[in-house]
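# An overview of the molecular structure
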Amino acid sequence: MNKIKVEIDSLSGFCYGVIRAIETAEKELEKNGVLFSLGEIVHNNVEVNRLKNKGLNTISHENISTVEPKKILIRAHGEPPETYETAKNAGIEVIDCTCPVVLKLQERIKRAYEEAKQCNGIIVIFGKKRHAEVNGLVGQTEGNAIVIENIDEINQIDCSRPVFLFSQTTKSIEGFEELCRIIAEKIEQSGGDTAMFKAYNTICRQVSGRKPHLEDFARKHDVIIFVSGKQSSNGKVLYQSCKNANPNSYFVEQSGDINPEWFVNCQTVGVCGATSTPKWLMENIAEIIRFS
Ligand code: SF4
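Described below are features of the structure shown in this document. (Residues numbered from 1 in each chain as written. Predicted model: local features only at pLDDT ≥ 70, side-chain atom pairs only at ≥ 80, totals over all residues. Heavy atoms only, no water.)

Next up on the list: the overall build of the protein chain. Along its length, the protein chain carries ten helices and twelve strands. Relative to the 2.2 N^0.38 estimate, which gives 19 Å for 292 residues, the radius of gyration of the protein chain is 21 Å and therefore close to what a compact globule would have. Principal-axis analysis of the C-alpha atoms gives the protein chain an extent of 70 × 55 × 25 Å. For the protein chain, with 292 residues in total, the buried portion stands at 52%. Carbon together with sulfur atoms contributes 49% to the accessible area of the protein chain, which is approximately 14,100 Å² in total. Separation of charge centres in the protein chain, based on 35 positive and 38 negative side chains, amounts to 2 Å. (Helix = DSSP H or I, 4+ residues; strand = E, 2+ residues; numbered from the N terminus. Rg over C-alpha atoms; globule rule 2.2 N^0.38 Å. Buried < 20%, exposed > 50% of the residue type's maximum accessible area, 1.4 Å probe, protein only. Areas by Shrake-Rupley, 256 points an atom, 1.4 Å probe, with all protein chains shown as cover. Lys, Arg positive; Asp, Glu negative; His and termini not counted. Charge placed at Lys NZ, Arg CZ, Asp CG, Glu CD.)

Attention now goes to the site of the ligand. What surrounds the ligand is the set Cys15, Gly17, Ala76, Cys99, Val101, Val102, Thr169, Cys204, Gln206 and Val207. Sorting the residues of the shell around the ligand by element identifies α4 (100-118) and α7 (205-208) as the ones contributing at least two each. Looking at side-chain class alone, the shell around the ligand contains seven nonpolar, three polar and no charged residues. (Near = heavy atom within 4 Å. Nonpolar A, V, L, I, M, F, W, Y, C, P; charged D, E, K, R; others polar.)

A word on the sheet that holds strand β12 (residues 268-273). Ordered in space as β1-β12-β10-β11, the four strands form an open sheet in which the pairing is parallel. The open sheet has two edge strands with one neighbour each: β1 (5-8) and β11 (249-252). Strand-to-strand twist across the sheet, computed as the mean angle between neighbouring axes with direction ignored, equals 20 degrees. The pairing of β1 with β12 spans four bridges and is classified as parallel. Note that in β12 the partner of Glu7 across the bridge is Gly270. (Pairing = 2+ DSSP bridges. Axes fitted to C-alpha atoms, helices over the stretch in contact; angles between N-to-C directions.)

This part takes up the side chain of Ser37. On the secondary structure map, Ser37 appears in strand β2 (residues 35-38). At a separation of 2.6 Å, a polar atom in the side chain of Ser37 contacts the main-chain carbonyl oxygen of Gly39. Residues within four places of Ser37 in sequence aside, it is in contact with Leu56, Asn57, Thr58, Ile59 and Leu73. (Polar contact = N/O pair within 3.5 Å; in protein donor to acceptor, adjacent residues only side chain to side chain. Contact = heavy atoms within 4.5 Å.)

The alternating pattern of strand β4 (residues 71-74) places Lys71 and Leu73 and Ile72 and Ile74 on opposite faces, both of which are buried. Where β2 and β4 come together, three bridges link them in parallel fashion. The residue of β4 that forms the bridge with Leu38 is Ile74. Bridge count for β4 against strand β5 (residues 93-96) is four bridges, and the pairing is parallel. Opposite Leu73, over in β5, you have Ile95 as the bridge partner. Since β4 and β5 lie parallel, the crossover through helix α3 (residues 81-89) that links them has a hand, and here it is right-handed. (Right-handed = clockwise from strand over helix to strand, strands pointing away.)

In structure tokens:
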């Protein structure tokens, strides 16, 4: 008899923005049976395939004007203004599921960009280059924002100019704070005015709030199975937190990735995931571990 105890983290799973986008898509599919999502609705292949079976197709920007019926869904990551323009010109209706948190961040960056233009300032976004959310943020600055993925790229920032720093919603707080500290140091070293440096922590609380909770969860169990799509930025950040708290943490995308050897001499397993991980997938994986 298998004695492994498996617990699913109660706070893991879809965040508010993803739930909202998927529910909107499902309602539309119930009515019309087909819908086109601009980019994958969520960074999770298993969930994308589930929705595909219901009629949700993924399209790229090049294909916007070819969709039939003339309707596209914009996912929680948001889009730059050009996308809305393209859809409008092609007579395509937009179902806008941009997460309200991202929408607010887009508006803040747009206002800061107007301010920066008055004082020769620069907009810096701490985020992943070419990530959909980041593309939407850069779009608020007519493409002029500088995107910094990590501290090594700091030389791209001209610290003699006023700097307005924002973060992609899914970056780690530690990385953001370190970047703030190094930029401030660089300004001081170059004899600049640190009062001209404005840093806005725009990391989503749905991500940052889960981190300490997940670390506690990871410490409680012998083995951690972290379930997420490989493309999920948030998944990478939260998995790293688990791995730091418990070295016996494993990243899986689906049940087939599970290796029974991980559970040798193990009494408790914790199953958790990212803001893009469906609850039903974590439940399936927990069942497989329980009866393995
Ligand atoms: S992580 Fe936060 S900002 Fe991103 S979609 Fe979810 S709720 Fe919105």
